Amino acid sequence: MELRADYENDAGSVSREQYRASYQPRYRLNDGVFTYGRVQFEKDEIQGFRDRYSLSGGLGYRVVTRPKMTLALQLGPALRRTLFLAEPARTEWSALTSLDFDWKITDTLRFTQNASGYAGSDNNTFTTLTGIEAGMAKGLKAKLSYSFEHETAPPQGALRTDTISRFSLVYGF
């Protein structure tokens, strides 16, 4: 499960308001092969939509499964419903592809790369999240990440590409 909220208010003007919630269970079929299902909600008025719901399912394969490194790829059909700010709502079929890479470089240093792409008839959406985590104390980590989101055909006046870099402190229970 992933929950993410970005909100920024600069001198009384909202310059960023982005929310995302997703859930993606996996079911292992055999060595390396799995099925998945994904349900996702997004809100990002900077990119021109009030709400977007996505539902997908398909197959995945763990390309690399080493003790300190994993790489999984997945592919499947997706149904997306988007409520735009200035255009009529649209429902479309698309294909979802994604990549999930995790590399434990040392006992205290970890690199992650998550990328996904929805390819549809009217619009394509590509997202990546790259991060590096460094353990600082028991349960406490520092994380530096870079997020890139791109819409190939956003509504008129909406932002085509949105990026954000962040430094976070993460505490695990």
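Let me begin by describing the structure that accompanies this report. Remember, it's a predicted structure, so these values are computed and weren't measured experimentally.

As for the pattern of salt bridges
Then, in step 1: Enumeration over the complete set of coordinates arrives at 16 salt bridges.
Then, in step 2: As a salt-bridge pair, Asp 6 and Arg 4 come within 4.0 Å of each other at their nearest N and O atoms.
Then, in step 3: The buried category is assigned to Arg 4, whose relative accessible area is 14%.
Then, in step 4: For Lys 143, the salt bridge identified is with Glu 133, shortest N-O distance 3.9 Å.

Observations regarding the nonpolar core
Inside soluble globular proteins, nonpolar side chains tend to come together where they are buried.
Then, in step 1: Judged by nonpolar contacts, Phe 34, Tyr 36, Ala 72, Ala 78, Leu 96 and Tyr 118 together constitute the single largest core of six residues.
Then, in step 2: At the level of secondary structure, the elements contributing two or more residues to this core comprise β4 (33-44) and β6 (69-84).
Then, in step 3: For Tyr 118, the residues in contact, after removing those within four places along its chain, are Arg 38, Gln 40, Ser 54, Ala 78, Arg 80, Ser 94, Ala 95, Leu 96, Asn 123, Asn 124 and Thr 125.

Here we look at the environment of Tyr 53
Then, in step 1: Positionally, Tyr 53 belongs in strand β5 (residues 49-66).
Then, in step 2: A relative accessible area of 45% means that Tyr 53 is categorised as partly exposed.
Then, in step 3: Measuring from C-alpha to C-alpha, the distance between Tyr 53 and Lys 43 comes to 9.1 Å, with 10 residues separating the pair along the chain.
Then, in step 4: Contacts of Tyr 53, omitting those with residues within four sequence positions, involve Gln 40, Phe 41, Leu 79, Arg 80 and Arg 81.

Considerations on the pairing of strand β3 (residues 26-30)
The side chains of a regular strand alternate between both faces of the sheet.
Then, in step 1: In terms of strand pairing, β3 meets β4 through four bridges, oriented antiparallel. Each residue of the ladder has a partner; that of Asn 30, found in β4, is Val 33.
Then, in step 2: Counted between consecutive antiparallel strands, the loop separating β3 from β4 contains two residues, among which Gly 32 sits at a positive phi close to 95°.

Observations regarding the packing of aromatic side chains
Then, in step 1: With the rule as written, the count across this model stands at two aromatic pairs.
Then, in step 2: On the basis of an interplanar angle of 65° and a centroid distance of 6.1 Å, the ring pair of Phe 101 and Phe 111 is categorised as edge-to-face. With Phe 101 in strand β7 (residues 90-104) and Phe 111 in strand β8 (residues 109-120), this residue pair connects regions lying 10 residues apart in the sequence.
Then, in step 3: By relative accessible area, Phe 101 is classed as buried at 17%.
Then, in step 4: With a relative accessible area of 24%, Phe 111 lands in the partly exposed category.

Parameters and conventions
Residues numbered from 1 in each chain as written. Predicted model: local features only at pLDDT ≥ 70, side-chain atom pairs only at ≥ 80, totals over all residues. Heavy atoms only, no water. Salt bridge = Lys/Arg side-chain N within 4 Å of Asp/Glu carboxyl O. Buried < 20%, exposed > 50% of the residue type's maximum accessible area, 1.4 Å probe, protein only. Core = buried A, V, L, I, M, F, W, Y, C linked by side-chain atoms within 4.5 Å. Helix = DSSP H or I, 4+ residues; strand = E, 2+ residues; numbered from the N terminus. Contact = heavy atoms within 4.5 Å. Pairing = 2+ DSSP bridges. Phe/Tyr/Trp six-rings, centres within 6.5 Å; stacked < 30°, edge-to-face > 60°.

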